[in-house]
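Descriptive structure summary
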Number of protein chains: 2
Amino acid sequence: MKNSQITIKDIAKELGISSSTVSRALKDHPNVSPETKKAVTDLAEKYNYQPNSIALSLRRSKSNTIGVIIPEIVHFFFSTVISGIEDIAYSAGYSVIVSQSNESYDREVMDTFALSKNRVDGILISMSRETTRYDHFETIHKRGLPIVFFDRVCDAINCSKVVVDDFDGAYQVTKHLIQQGYKRIAHLAGPESLILSKHRMDGYKKALKEHNMEFDESIILRGRAADNEMLAKELTTQLLNSDNPPDAMFAINDRAALGVMKAAKEKGLRIPQDFAIAGFSNWEFTAMTDPAITTVDQPGFKMGQEAAKLLIREIEADEDEIIEPETRILKTDLIIRGSSVVAV
Amino acid sequence: MKNSQITIKDIAKELGISSSTVSRALKDHPNVSPETKKAVTDLAEKYNYQPNSIALSLRRSKSNTIGVIIPEIVHFFFSTVISGIEDIAYSAGYSVIVSQSNESYDREVMDTFALSKNRVDGILISMSRETTRYDHFETIHKRGLPIVFFDRVCDAINCSKVVVDDFDGAYQVTKHLIQQGYKRIAHLAGPESLILSKHRMDGYKKALKEHNMEFDESIILRGRAADNEMLAKELTTQLLNSDNPPDAMFAINDRAALGVMKAAKEKGLRIPQDFAIAGFSNWEFTAMTDPAITTVDQPGFKMGQEAAKLLIREIEADEDEIIEPETRILKTDLIIRGSSVVAV
DNA sequence: TTGAAAGCGCTAACAA
DNA sequence: TTGTTAGCGCTTTCAA
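Residues numbered from 1 in each chain as written. Chains lettered and ligands numbered in written order. Predicted model: local features only at pLDDT ≥ 70, side-chain atom pairs only at ≥ 80, totals over all residues. Heavy atoms only, no water.

Here chain A is partitioned into domain 1 (8-51), domain 2 (64-163 + 300-329) and domain 3 (166-298). One C-alpha centre belongs to domain 1 of chain A, the other to domain 2 of chain A; they are set 38 Å apart. (Domains from an automatic or database assignment.)

Here is the structure:
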């Protein structure tokens, strides 16, 4: 009794009819007599018939499976994305295979081809940090396999993408700080080479300008502090000890925000009374940041949903139909912690 | 050019040979002339031939896919488990399909049958909190589909399981507190109905006994505090204000530990100088607990690996071979935070 | 209203 | 050494 599932053939044999009739009966085809239909469905019910999806896949040359490649599943952000993907995928009749690149280019290449070999109908990808060559995407995309990028997107491939609105998020969170009454808001920025850092900086500037606050280069922290909590703490400490210290800080991500927080606490500042911290929370710390820090959260679930929708739309498009690649920009969620909680 | 992958037939046609020869050549069958072999492999290389795994699955009646059902992927513990599963599965040539029950019985039942319908070769499950009936497991297990439970196991099904050594973990962490010099160690316990709580209580008692410390019922907190941070905080505050307060606390999980920590901080106790906290960290807070709390961590990655190994062993067992269900009990990792970090 | 046959891509027993 | 054939489970034309 080794995992023996009943087949159409078994039902056909037991009823003394052909398997094509059984097939038709099961899918309520008009040209089947009510009696046979009933006999078949009853028997199917009795034996708990489940169509063999592998045979179906082969027949239709379609696996009804979506592949997902993410850097690391343990990050809160990515696991929420997966939930969003599954939400859409399951209700559209797709299974989801998840694989992790662990931020390694080589693993990503392997995963890509493994999914292709597994005949997934499409792939959702967020690139690894290491990835700078895109041949593997190119190859499978050229072959006609639909791809949709999310969050860490690849500009070199002409396909649909889902990203977050960095500019608006930074604008919103800075505006929030201003509205709370903070007068001198510093910014711990990311490397200027990253487009993301630029967008966030621009959002920050826009909020300042809109409230007639001067942009002051002397309270902008740059360099590698964005990825280094210790360095962020150190630079913040220097800033707090300067002649004209800020009373708030917008940190580019939550790793930086944590460093800032430690510096502030060490200095004995009460948060958020004496010193406010706001930060973009990235995939690493969202659930971990101190409740006192206001963050702009990446809408992971939504992003997963949107990416899955775009992909399925493309998968299910007719042969001749031409689907224009589309880039969706999602608004961030402004999470105001420490006082009330509001999601925008 | 709609996702057209090259097939054995294409290669055969181009070379003017039969597809069976191509098939043989590709798998290095001895009875193929070196010339044909070379011609075939060259062409396969050129066209980037990838065997159609769906056709293979149908042929072999084996999908080489493992299904996983977990309560929620966003929990640190479960996402580590998944990584462990994928680690073993991929190197054994299996894909992994993950689905989430979201702690709902109904979803779990649906997921179970969905995986069965998708013809996975076996299923790894950690039960939802709601689940008290086991017919869905029973059904597919009887049908011959291998199942392995992990962490939240089901005693009603006779199959392999992987669990954590609650007794030993509690013993280790309590012993650690004693060795650090704490003299009066309280215990925030879980509901007595849970076997897990009993095991942890027993481990706690063993450590006390071994060090000739008296078990004092008056510093044992019971009730629903284990699942309620606020209640844990309240009860701890009472305890700390009592005549003979403890100087350390072993909390049954990290939700409770957080409550304990807040109570201690509110009272102005320095951790771990004045008051030490140790806790079993469960799937919810592992990555979030305060660095000052020593925890016994569930070895998620290891658990995933072990569960996957057990499952694959069963999947790949010969027809006639009888595999005895096996329960593996994994040692916890003692993570000593705040001072040095040691993993046992 | 039903059945026979072909085919999705691959493999393996059998034949040549 | 290679080819023919059948079959994994299902659907779908075509024929009856």
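This part covers the protein's contact with DNA strand C. Around DNA strand C, a shell composed of 24 residues is seen, among which A:Thr21, A:Arg24, B:Ile8, B:Ser23 and B:Tyr49 lie nearest. Residue B:Lys27 places a side-chain N or O atom 3.5 Å away from a phosphate oxygen belonging to DNA strand C. B:Tyr49 is positioned such that a nitrogen or oxygen atom in its side chain is 2.5 Å from a phosphate oxygen of DNA strand C. Counting residues per element, the ones that place at least two in the surface near DNA strand C are helix 2 (19-26) and helix 4 (53-60) of chain A together with helix 1 (8-15), helix 2 (19-26) and helix 4 (53-60) of chain B. Taken together, the residues of the surface near DNA strand C break down into eight nonpolar, ten polar and six charged. (Near = heavy atom within 4 Å. Polar contact = N/O pair within 3.5 Å; in protein donor to acceptor, adjacent residues only side chain to side chain. Helix = DSSP H or I, 4+ residues; strand = E, 2+ residues; numbered from the N terminus. Nonpolar A, V, L, I, M, F, W, Y, C, P; charged D, E, K, R; others polar.)

Further remarks concern the environment of B:Gly203. Residues and elements named next belong to chain B. Assignment of secondary structure puts Gly203 in helix 9 (residues 195-210). We classify Gly203 as buried; its relative accessible area is 0%. Taking the C-alpha atoms as reference points, Gly203 and Val74, 129 residues apart in sequence, are found 30 Å from one another. With sequence-adjacent residues up to four places away left out, Gly203 is seen in contact with Phe167, Ala170 and Tyr171. (Buried < 20%, exposed > 50% of the residue type's maximum accessible area, 1.4 Å probe, protein only. Contact = heavy atoms within 4.5 Å.)

All names here are of chain A. Counting across every chain of the model gives 40 salt bridges over all chains. Among the salt bridges present, the one from Arg270 reaches Asp274, with a minimum N-O distance of 3.0 Å. Overlapping salt bridges bring together Glu306, Lys309, Arg313, Glu326 and Arg328 as one network. (Salt bridge = Lys/Arg side-chain N within 4 Å of Asp/Glu carboxyl O.)

Further remarks concern the packing of aromatic side chains. Residue and element names in this part refer to chain B. Following the criterion strictly, the structure yields eight aromatic pairs over all chains and no others. With a centroid separation of 6.3 Å and an interplanar angle of 75°, the aromatic rings of Tyr204 and Phe215 are classed as edge-to-face. On the criterion of sequence distance, the pair formed by Tyr204 in helix 9 and Phe215 in the loop between helix 9 and strand 7 (220-221) is long-range, its members being eleven residues apart. The class for Tyr204 is buried, based on a relative accessible area of 1%. (Phe/Tyr/Trp six-rings, centres within 6.5 Å; stacked < 30°, edge-to-face > 60°.)

Let's shift gears to the side chain of B:Asp247. Residues and elements named next belong to chain B. Its location among the elements puts Asp247 in the loop between helix 10 (229-240) and strand 8 (248-251). Lacking a salt bridge, the buried Asp247 has Arg184 as its closest oppositely charged neighbour, with an N-O distance of 7.1 Å. Here Arg184 takes part through its backbone nitrogen, which lies 2.8 Å from a polar atom of the side chain of Asp247. (Lys, Arg positive; Asp, Glu negative; His and termini not counted.)

What follows is about the protein's contact with DNA strand D. If you check the shell around DNA strand D, you find 24 residues, and the closest are A:Ile8, A:Tyr49, B:Ser20, B:Thr21 and B:Arg24. Close to the protein, within 4 Å, the atoms of DNA strand D belong to sugar or phosphate groups at a rate of 64%. Here a base nitrogen of DNA strand D and a side-chain polar atom of B:Arg59 are 2.9 Å apart. A per-class count over the surface near DNA strand D returns eight nonpolar, ten polar and six charged.

Attention shifts here to the UniProt feature "domain: HTH lacI-type" (unreviewed entry) in chain A. Mapped onto this structure's residue numbering, the UniProt feature "domain: HTH lacI-type" (unreviewed entry) falls at residues 6-60 of chain A. Across residues 6-60 of chain A, the secondary structure splits into 69% helix and 0% strand, with the terminal C-alpha atoms separated by 21 Å. (UniProt positions renumbered as here; feature names shortened; annotations may be inferred.)

Residue and element names in this part refer to chain A. In this structure the tally under the stated criterion is zero disulfides over all chains. Among the cysteines around Cys159, which has no disulfide bond, Cys154 carries the closest sulfur, lying 7.3 Å off. Taking the relative accessible area as the measure of exposure, Cys159 reaches 4% and is therefore buried. (Disulfide = S-S within 2.5 Å.)

Residues and elements named next belong to chain A. For Ile125, the position within the fold is in strand 3 (residues 122-125). Note: C-alpha distance between Ile125 and Lys309 (184 residues apart in sequence) is 14 Å. If we ignore the near neighbours within four places in the chain, the residues touching Ile125 are Ile69, Phe137, Ile147, Val148, Phe149, Phe150 and Arg152.

Moving on to the interface of chain B and chain A. Contacts between the two partners involve 43 residues from chain B, matched on the other side by 43 residues from chain A. Interface of chain B and chain A: buried area, both sides summed, is about 4,100 Å²; carbon and sulfur atoms make up 51% of it. One can count zero salt bridges joining chain B with chain A. Applying the counting criterion to the chain B and chain A interface returns 20 residue pairs in polar contact (both at pLDDT 80 or more). Per-class residue counts for the side of chain B that touches chain A are 18 nonpolar, 18 polar and seven charged. (Buried area = accessible area lost by both parts, 1.4 Å probe.)

A word on the relation of the copies chain B and chain A. Note: a rotation about an axis with an accompanying shift along it relates these two copies of the chain. The operation relating chain B to chain A is a screw motion whose rotation component is 180°, with 0.1 Å of axial translation and a residual RMSD of 0.1 Å. Each copy turns onto its partner about a two-fold axis. Of all interface residues in chain B, 100% are interface residues in chain A too; the two copies therefore contact each other through one and the same surface. (Least-squares fit on C-alpha atoms with pLDDT ≥ 70 in both.)

Okay, the environment of B:Ser4 next. All names here are of chain B. Residue position: Ser4 is located in the segment before helix 1. Residue classification places Ser4 among the partly exposed positions, given a relative accessible area of 44%. Between the C-alpha atoms of Ser4 and Met127, which are 123 residues apart in sequence, the distance is 41 Å.

Let us look at helix 4 of chain B. Considered for burial, the residues of helix 4 of chain B that qualify are B:Ser53, B:Ile54 and B:Ser57. Along the axis of helix 4 of chain B, the buried positions cluster into a sector of 105°, meaning they face one direction only. Looking at the buried residues of helix 4 of chain B, the elements they touch are helix 4 and helix 6 (105-117) of chain A. Two to three positions downstream of the cap, the backbone nitrogen of B:Ile54 sits 2.8 Å from a side-chain oxygen, assigning the N-cap of helix 4 of chain B to B:Asn52. Positive phi shows up at B:Ser61, right after helix 4 of chain B, with a value of about 50°. (Arc of directions from axis to C-beta.)

A:Ile66, A:Leu124, A:Phe150, B:Ile66, B:Leu124 and B:Phe150 are the most contacted members of the largest nonpolar core, which has 54 residues in total. Beyond its immediate stretch of four places on either side in the chain, A:Phe150 contacts A:Ile70, A:Phe78, A:Val81, A:Leu124, A:Ile125, A:Ser126, A:Val162, A:Met303 and A:Ala307. Counting residues in each nonpolar core, the second largest holds 30 residues, with A:Ile69, A:Ile140, B:Phe137 and B:Ile140 among its members. (Core = buried A, V, L, I, M, F, W, Y, C linked by side-chain atoms within 4.5 Å.)

As a further point, take the pairing of strand 9 (residues 276-281) of chain A. Residues and elements named next belong to chain A. By the criterion of burial, strand 9 is predominantly enclosed, with six of the six residues buried. Side chains of strand 9 alternate between two faces, with Ala276, Ala278 and Phe280 and Ile277, Gly279 and Ser281 buried alike. Note that strand 8 (residues 248-251) and strand 9 share four bridges and pair parallel. Paired with Ala248 across the two strands is Ala276, which belongs to strand 9. Taken together, strand 8, helix 11 (residues 254-266) and strand 9 constitute a β-α-β crossover, and its handedness is right-handed. (Pairing = 2+ DSSP bridges. Right-handed = clockwise from strand over helix to strand, strands pointing away.)

Glancing now at the packing of helix 8 (residues 166-179) of chain B against helix 9 of chain B. Residue and element names in this part refer to chain B. Put simply, helix 8 and helix 9 touch, their axes get as near as 7 Å, and they point 40° apart. The handedness of the crossing between helix 8 and helix 9 is right-handed. Contacts between helix 8 and helix 9 involve Asp166, Phe167, Ala170, Tyr171, Thr174, Lys175 and Ile178 from the first element and Leu196, His199, Arg200, Asp202, Gly203, Tyr204, Lys206, Ala207, Leu208 and Glu210 from the second. A per-class count over the contact of helix 8 with helix 9 returns eight nonpolar, three polar and six charged. (Axes fitted to C-alpha atoms, helices over the stretch in contact; angles between N-to-C directions. Left-handed = near helix turned anticlockwise from the far one by under 90°.)

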